Amino acid sequence: MKGLVKKHPLAIRWFHWINFPLLALMIWSGLMIYWASSDERVSGGVYRIGWGATTLFHFFPKPFWQRLGLEHQLAKGMAWHFFFMWFFAINGVLYVLYTLFSGEWRFLVPGRGDLRGALQVVLHDLHLSETMPAFVRYNPAQRIAYSLVILMGGASLLTGLAIYRPVQFGSLTHLLGGYQWARWEHFWLTMGYVAFFFIHILQVARAGWGNFRSMVTGYDIDQVKEEPAHAKT
Amino acid sequence: MPRPDSESAPDRTLPQSPGSSDSQDSRVEAEMRKRSRRGFLVALLAAGGAYGGWRWLIARPRVDGLAWPFRRSLSLNEALSGKLFDPNRRVAEVRRDAIPPAGPRVNGDIGLEDPPNLTDWRLRIVGTELRLQLDDLRTLPQTSQATPLNCIEGWTTAARWTGVRFADFVDRFYPSGRSAPYVGLATPDGSYYVGLDAASAFHSQTLLCHAINDEPLSPAHGAPLRLLVPTKYGIKNLKRVGFIEFAQNRPPDYWAERGYDWFAGL
């Protein structure tokens, strides 16, 4: 028998969908800022994938900047970044407060055994294993990924603050390894969001329409156990 | 803490009538369709609103190169940064090995296009008859500091900078300048100019600098005298100082007129 099941509270759906364009704008404007010192000779060659003298990939090749039209827009990038940072931060803080006070955090925060569970999920999703661990609302891999991305959001705010006012927040900047390291950390957190985004989209596509719809409407149709009184004859 | 909705329980708002499970299924699907229509309609309106808001935002009249809401938010950030600014917080000096031996990186030559006229150069304070030479500045206590210079583009360079504290300079030559809320500086030809808030101008590490790594300034570094404000981005560290003005209102600033933040503090 089918039943309508409440999946996501209204507040969490709003936080999620508001965050999506805000984070996109933060990344977009952040790229405009990073462009201004992305030259390897200037950035000290740390914005890359490689080791020693070997560089597999430098962030970013010239065609990337050209095609996306991100060159020569430092002033605009900074203005957008320092405008939308407030909305991004406020939305994120309200989300965390909501999950704390509503008790929703119980579904999200990973518990003991979730690392093993997450591994099972990954093996299952890669069709390397048949077993999928039992879970409520979010599977162990989701719990770890979603909690991690929230922590990353906090880390982005902190590293951002350390870059924004490295003298006034000198102790924070120092703690993060100094101004240039804080920039590097801020950059890699962003790359983390981009990786998260692609995996997230892939998993949402795999999970199907009902799952996506539940993030908009809050509800999904699930099979529920029939009550004995209405059992089929 | 309240318990969140349980996953396993079906929604209690649905009527639990004793029909067949097929009719129950179709009721559930009808209810889901209703909720979907409502949900996606709200989503569509929200997306449309966000898009409209964005179009409105970027089409606002520009103030100094930025749509006014962005300029306004930079001003709010600036007010907050001004409050946050602690005049006793010093920029950490760098280790000797962090100082490029060939000198700090050169970037920007606005106002330096012509070679400096070192014999006729005078430092002028706007509104006075003062015409100062480098020797006048040498009568003041000399300070050296190994501070980083952060470019607004994102990179950092460093040097051992020598000169006189801007605050000492003002105390000696124009004491009434200490009460001005703003300071403006410009190159002799007036083509590059910066504005500073008093707190940053009179910070103990703000120098009128005449030597880098114990050598007199080269023309590219602003010979004979440059401003060094390590609490600000490089764009505020004006080279070849020609004029100093003490102002009641925010002095014009070359890069702030071109879309950048007027405060540009660190």
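Computed from a predicted model, the values in this text were never measured in an experiment. (Residues numbered from 1 in each chain as written. Chains lettered and ligands numbered in written order. Predicted model: local features only at pLDDT ≥ 70, side-chain atom pairs only at ≥ 80, totals over all residues. Heavy atoms only, no water.)

## Describing the packing of helix 4 (residues 74–102) of chain A against helix 1 (residues 21–58) of chain B
Definition in use: Lines fitted to the C-alpha atoms define the axes, with helices restricted to the stretch that makes contact. Angles between their N-to-C directions range from 0 to 180 degrees. A run of H or I in DSSP counts as a helix once it spans at least four residues, and a run of E counts as a strand once it spans at least two, with each numbered from the N terminus. To sort the angles, those under 35 degrees are grouped as roughly parallel, those over 145 as roughly antiparallel, those from 65 to 115 as roughly perpendicular, and the leftovers as oblique. By definition, any crossing whose near helix is turned counterclockwise from its far helix by less than a right angle is left-handed, and any crossing with a clockwise turn is right-handed. What makes two residues a contact is simply this: any of their non-hydrogen atoms within 4.5 Å. Nonpolar residues are Ala, Val, Leu, Ile, Met, Phe, Trp, Tyr, Cys and Pro. Charged residues are Asp, Glu, Lys and Arg, and all others, Gly as well, are polar.
Viewed as axis vectors pointing N to C, helix 4 of chain A and helix 1 of chain B meet at an angle of 135 degrees, and their least axial separation amounts to 14 Å. If you check the angle between helix 4 of chain A and helix 1 of chain B, you find them oblique. Crossing hand, helix 4 of chain A versus helix 1 of chain B: right-handed. Counting all contacts with helix 4 of chain A, which are made through Trp80, Phe83 and Phe84 of chain A, the residues of helix 1 of chain B involved are Trp54, Leu57 and Ile58 of chain B. Grouping the constituent residues of the contact of helix 4 of chain A with helix 1 of chain B by class yields 6 nonpolar, no polar and no charged.

## Details of the nonpolar core
Residue and element names in this part refer to chain B. For clarity, the threshold we go by: Among buried residues, the Ala, Val, Leu, Ile, Met, Phe, Trp, Tyr and Cys ones that are joined through side-chain atoms within 4.5 Å form a nonpolar core. Using a 1.4 Å probe on the protein chains alone, a residue whose accessible area is under 20% of its type maximum counts as buried, one over 50% counts as exposed, and one in between counts as partly exposed.
One finds Leu123, Phe166, Phe169, Leu185, Leu208 and Ile244 to be the most contacted residues of the largest nonpolar core, which totals 82 residues. Residues contacting Leu185, with those up to four places away along its chain left out, are Phe166, Tyr192, Tyr193, Val194, Leu196, Leu227, Leu238, Val241, Phe243 and Ile244. Of all hydrophobic cores here, the second largest spans 9 residues; its members include Ala159, Cys209, Ile212 and Leu228.

## Thoughts on the packing of aromatic side chains
Keep this limit in mind: Here a pair means two rings of Phe, Tyr or Trp (six-membered ring of Trp) with centres within 6.5 Å. Their orientation is stacked below 30 degrees between planes, edge-to-face above 60, and tilted elsewhere. Over a ring means this: the NZ of a Lys or the CZ of an Arg is within 6 Å of the ring centre and within 35 degrees of the ring normal.
Within the structure shown, the criterion is met by 48 aromatic pairs over all chains. Their ring planes at 50 degrees and their centres at 4.8 Å tell us that Tyr34 of chain A and Phe187 of chain A sit as a pair that is tilted. Within this pair, whereas Tyr34 of chain A is found in helix 1 (residues 10–35), its partner Phe187 of chain A is found in helix 9 (residues 179–207), the two being separated by 153 residues in sequence. The pair formed by Tyr34 of chain A and Phe187 of chain A is uniform in burial state, with each residue classed as buried. Relative to Trp262 of chain B, the ring of Tyr182 of chain B has its centre 5.7 Å away and its plane inclined at 85 degrees; by these criteria the two rings are edge-to-face. With a gap of 80 residues between them, Tyr182 of chain B in strand 7 (residues 182–186) and Trp262 of chain B in the segment after strand 12 (243–247) connect regions that are remote in the sequence. Clustering of aromatic rings is evident, with ring pairs tying together Tyr34, Tyr47, Phe57, Phe59, Phe60, Phe64, Trp65, Trp181, Trp184, Phe187 and Trp188 of chain A. Above the plane of the ring of Phe107 of chain A lies Arg137 of chain A, whose end atom (NZ or CZ) is 4.1 Å from the centre. Between the NZ or CZ atom of Arg105 of chain B and the centre of the ring of Trp155 of chain B, over which it lies, the distance is 4.1 Å.

Note that all results are geometric; they support no functional claim without further evidence.
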